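The lines below spell out each chain.
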Amino acid sequence: MTILFLMIKGRIKKIQNYIFGRHENFSLEQRLLLSALLMGIFMGLFGVLTNYFSTNSLIAVLIPFLLAILAFILYYFVRFKQFFKPLSIITSVLGILGISIIWVYDGGINGPNTMVAFTILVLALVIVSNKLKIFILVYFILINIFILLIQIYKPELIVGYTSQLARWIDYLVCLIYSSVFIFLIIHFIHKHYTIEKQRAEENEYKIQQKNNELEKLNSDKDQFLQILAHDLKNPFSSIMGFSDLLLKNVHKYDINRIEKQLLLLNKATHNTFNLLEDLLLWSKAQSGKLPIEAKNIMLSKIFSEIINNSKAQADEKNISINYLETENINVFADSNMLKTILRNLVSNAIKFTNENGHINIYTEKKQKSVIIIVSDDGVGIDENKLPNLWNFTYSISTNGTANEKGTGLGLLLCKDFVEKHGGKIWVESELGKGSNFKFTIPIFND
């Protein structure tokens, strides 16, 4: 029974939307005009019948018929052609004029058309633009003054009723018409107001949410800039310190000591350059100026290149890097971005792995993607730090097991680049037992 009721309700809703137009596509004024035109069609045809029996005037019968036809034409253009603004003023002017003519040929002051005239005035003031409301009001007053003067000075032009019963029926019909029409106007206005109020509240909530997000983003960026300034200050302080020391003692130090200072200076310079390079890549990714150029890539070749490039860094701590190949897998990815992801993860693994440690790279093939894992047996990550690992406000560079410096932006770049490929990145780690960094990349499909 409930399902049947819902089906009937849904069908009625569809019919209603077809006749009056959907809220999303039609404004309050358009829906009111459509309602008025539909009632105009109905009342015009009904007026033909009532005026035929209540008056002796052919004009009183003809005018409602012509108005019904006009209302149908206007309804078609408003509902199906979305032609509204010109027709709203045309409908208002002709409606007021038509009821005034009917007033003369349908009992005059003794008839009920005054209440209908005020109903049409209310509708006209609702559907026309603000600039035209004064015009409609003045036009309505002048037209009614004119027909009242006809009643006073030319009473013989007023067509009376054939009987008191005819007058009573005419009053009853106009009373029902006016009451229903006023009800529809108030109903539509109230419904529209409720909908707009709800939308306004939703928009206000969304704006407030956006403001909160912007405030948090600005706060986070301020904090990030402070962190970045700190990370830049340290290597530059080292560079300045080493260079000042060399300048002061260039003639005092022997070649071995100078070489040692230059090596430290060179290392600090490279760390600073890496930080600036990562920062540039990250800012490009954030601003959308780093487009993804995906193509068919063989993973084994990428892994071999990354392992070879990371060998010198790994050899300093006697760390072995192994690719545990199970099958050849081709992925659909941007080569440079994929290399950046792997380079950062492998470099991170070397940084936090003790001497004589092991790093393994392997894959898990899924239906539409492949999971790439960079696993190490290093120091691991504290469980409390895991939630903030991908938050740029916590991207403070932590020294490695051999006091290595990092940029602090590597994992942020990895996250951005993985998400650009429609994948996700996560980490499984236990303090003192190493870490497994995992991310997904789509498989290449012919």
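Below, the structure is looked at part by part. Each chain carries its own residue numbering, running from 1 in the written order of its sequence. Restriction of local features to residues with pLDDT of at least 70 applies here, the model being predicted, together with a cutoff of 80 or more for giving and counting side-chain atom pairs; totals for whole chains, interfaces and linings are based on all residues. Only hydrogens and water are set aside when side-chain values are computed; all heavy atoms of the structure are taken into account.

## Some thoughts on the sheet that holds strand 7 (residues 434-442)
For step 1, the next point in the chain: Strand order in this open sheet of five strands is 2-4-5-7-6, and the pairing throughout is mixed. The sheet terminates laterally at strand 2 (320-323) and strand 6 (425-430), the two strands that pair on one side only. Mean inter-strand twist for the sheet, computed between neighbouring axes without regard to direction, equals 15°.
For step 2, the next point in the chain: Here a strand pair is declared whenever DSSP counts at least two bridges between the two strands. Working definition: helices are DSSP H or I runs of at least four residues, strands are E runs of at least two. Numbering for both runs from the N terminus. Two elements, strand 5 (residues 369-376) and strand 7, share eight bridges in a ladder whose sense is antiparallel. Across the sheet, residue D376 finds its bridge partner in strand 7, namely S435.
For step 3, the next point in the chain: Residue contacts follow a heavy-atom distance rule, with two residues in contact if any of their heavy atoms lie within 4.5 Å. For every element, the axis is a line fit to its C-alpha atoms; helices are fit only across the contacting stretch, and the angle between N-to-C directions ranges from 0 to 180 degrees. Set on the sheet, helix 9 (residues 299-315) makes contact with strand 2, strand 4 (358-365) and strand 5; between it and strand 2 the angle comes to about 175°.

## Considerations on the nonpolar core
For step 1, the next point in the chain: What we call a nonpolar core is a set of buried Ala, Val, Leu, Ile, Met, Phe, Trp, Tyr and Cys residues that are connected through their side-chain atoms within 4.5 Å. Remark: exposure states derive from per-residue accessible area (1.4 Å probe, protein chains only) relative to the maximum for the residue type, with buried under 20%, exposed over 50%, and partly exposed in between. Among the nonpolar cores identified, the biggest contains 41 residues, and V331, L338, L342, I372 and F439 are the most heavily contacted of them.
For step 2, the next point in the chain: Considering every element that reaches this core, the biggest residue donor is helix 10 (residues 335-351), with eight residues.
For step 3, the next point in the chain: With sequence-adjacent residues up to four places away left out, I372 is seen in contact with L299, F303, L338, L342, Y362, T363, F437, K438, F439 and I441.
For step 4, the next point in the chain: Counting 35 residues, the second-largest nonpolar core is a separate cluster that includes L37, V116, A117 and I185.

## Some details on helix 10
For step 1, the next point in the chain: In a helix, the anticipated span is given by 1.5 Å times the number of residues less one. The first and last C-alpha atoms of helix 10 sit 24 Å apart over 17 residues, in line with the 24 Å expected at 1.5 Å per residue.
For step 2, the next point in the chain: With respect to burial, helix 10 is a largely interior element, 13 of its 17 residues being buried.
For step 3, the next point in the chain: Two N or O atoms form a polar contact when they lie within 3.5 Å of each other; inside protein one atom must be a possible hydrogen donor and the other a possible acceptor, and for residues adjacent in sequence the pair counts only when both atoms belong to side chains. Between the side-chain oxygen of the N-cap and the backbone nitrogen of N336 there are 3.0 Å, and the N-cap of helix 10 in question is D334.

## A few points about a nonpolar patch on the surface
For step 1, the next point in the chain: The grouping of L45, L62, F65, L66, I69, F72, I73, Y76, F77 and F80 at the surface amounts to a nonpolar patch, some 910 Å² of accessible area in total.
For step 2, the next point in the chain: Here the nonpolar patch takes nine residues from helix 3 (residues 58-81), the largest share from any one element.
For step 3, the next point in the chain: With respect to the helices and strands, L45 occurs in helix 2 (residues 28-54).
For step 4, the next point in the chain: Residue classification places L45 among the partly exposed positions, given a relative accessible area of 45%. A patch is a set of surface residues, each over 30% in relative accessible area and not in a salt bridge, joined within 9 Å for like charges and within 5 Å for the nonpolar side chains Val, Leu, Ile, Met, Phe, Trp and Tyr. The protein chains shown are the only cover counted for residues, whose accessible areas, like all others here, come from Shrake-Rupley with a 1.4 Å probe. We define a salt bridge as a contact between a side-chain nitrogen of Lys or Arg and a carboxyl oxygen of Asp or Glu at a distance within 4 Å.

## Quick word on the pattern of salt bridges
For step 1, the next point in the chain: According to the stated counting rule, one finds five salt bridges in the structure shown.
For step 2, the next point in the chain: The shortest N-O distance in the salt bridge between K433 and E430 comes to 3.5 Å.
For step 3, the next point in the chain: By relative accessible area, K433 is classed as exposed at 59%.

## Focus: unusual backbone geometry
For step 1, the next point in the chain: With a phi close to 55°, N318 is a non-glycine residue in the positive phi region.
For step 2, the next point in the chain: Structurally, N318 can be placed in the loop between helix 9 and strand 2.
For step 3, the next point in the chain: Despite not being glycine, N356 shows a phi value in the positive range, around 65°.
For step 4, the next point in the chain: Summarising the element assignment, N356 is placed in the loop between helix 10 and strand 4.

## Some thoughts on the side chain of T340
For step 1, the next point in the chain: In this structure, T340 sits in helix 10.
For step 2, the next point in the chain: Overall, T340 belongs to the buried group, its relative accessible area being 6%.
For step 3, the next point in the chain: In contact with T340, not counting residues within four places along its chain, are L281 and F417.

## Observations concerning helix 6 (residues 130-153)
For step 1, the next point in the chain: With 24 residues, helix 6 should cover 34 Å at 1.5 Å per step; its first-to-last C-alpha distance of 36 Å lies within 8% of that length.
For step 2, the next point in the chain: By the burial criterion, the buried members of helix 6 are I136, Y139, F140, I143, N144, I147, I150 and Q151.
For step 3, the next point in the chain: Looking at the buried residues of helix 6, the elements they touch are helix 4 (85-105) and helix 5 (113-127).

## Things to note about the packing of aromatic side chains
For step 1, the next point in the chain: Stacked, tilted and edge-to-face pairs are distinguished by plane angle, under 30 degrees for stacked and over 60 for edge-to-face with tilted covering the rest, among Phe, Tyr and Trp rings (Trp via its six-membered ring) whose centres lie within 6.5 Å. In total, this model carries four aromatic pairs according to the counting rule given.
For step 2, the next point in the chain: For the ring pair F303 and Y323, a centre distance of 4.6 Å and an interplane angle of 55° mean the geometry is tilted. Pair noted here: F303 is in helix 9 and Y323 is in strand 2, with a separation of 20 residues, a long-range link. The burial state of F303 is the same as that of Y323; both residues are buried.
For step 3, the next point in the chain: With centroids separated by 6.2 Å and ring planes inclined at 40°, the aromatic side chains of F332 and F444 adopt a geometry described as tilted. One end of the pair, F332, is in strand 3 (residues 330-334); the other, F444, is in the segment after strand 7, with 112 residues separating them in the sequence.
For step 4, the next point in the chain: Overall, F332 belongs to the partly exposed group, its relative accessible area being 38%.
For step 5, the next point in the chain: By relative accessible area, which is 28% here, F444 ends up partly exposed.
For step 6, the next point in the chain: For a ring to carry a charge above it, either NZ of a lysine or CZ of an arginine must fall within 6 Å of the ring centroid while also lying within 35 degrees of the normal to the ring plane. The ring of W426 has K424 sitting right over it, with the charged end atom 5.3 Å from the ring centre.

## Looking at the side chain of T363
For step 1, the next point in the chain: Here T363 shows up in strand 4.
For step 2, the next point in the chain: Under the relative-accessibility criterion, T363 is labelled buried at 10%.

## Quick notes on the pairing of strand 7
On any regular strand, side chains alternate: one points to one face of the sheet, the next to the other face.
For step 1, the next point in the chain: Among the nine residues of strand 7, seven are classified as buried, and the element is accordingly described as predominantly covered.
For step 2, the next point in the chain: Examined bridge by bridge, strand 6 and strand 7 share six bridges and lie antiparallel to one another. Following the sheet pairing, S429 is matched in strand 7 by S435.
For step 3, the next point in the chain: Between strand 6 and the antiparallel strand that follows it, strand 7, lie three residues; G432 among them carries a positive phi value of about 85°.

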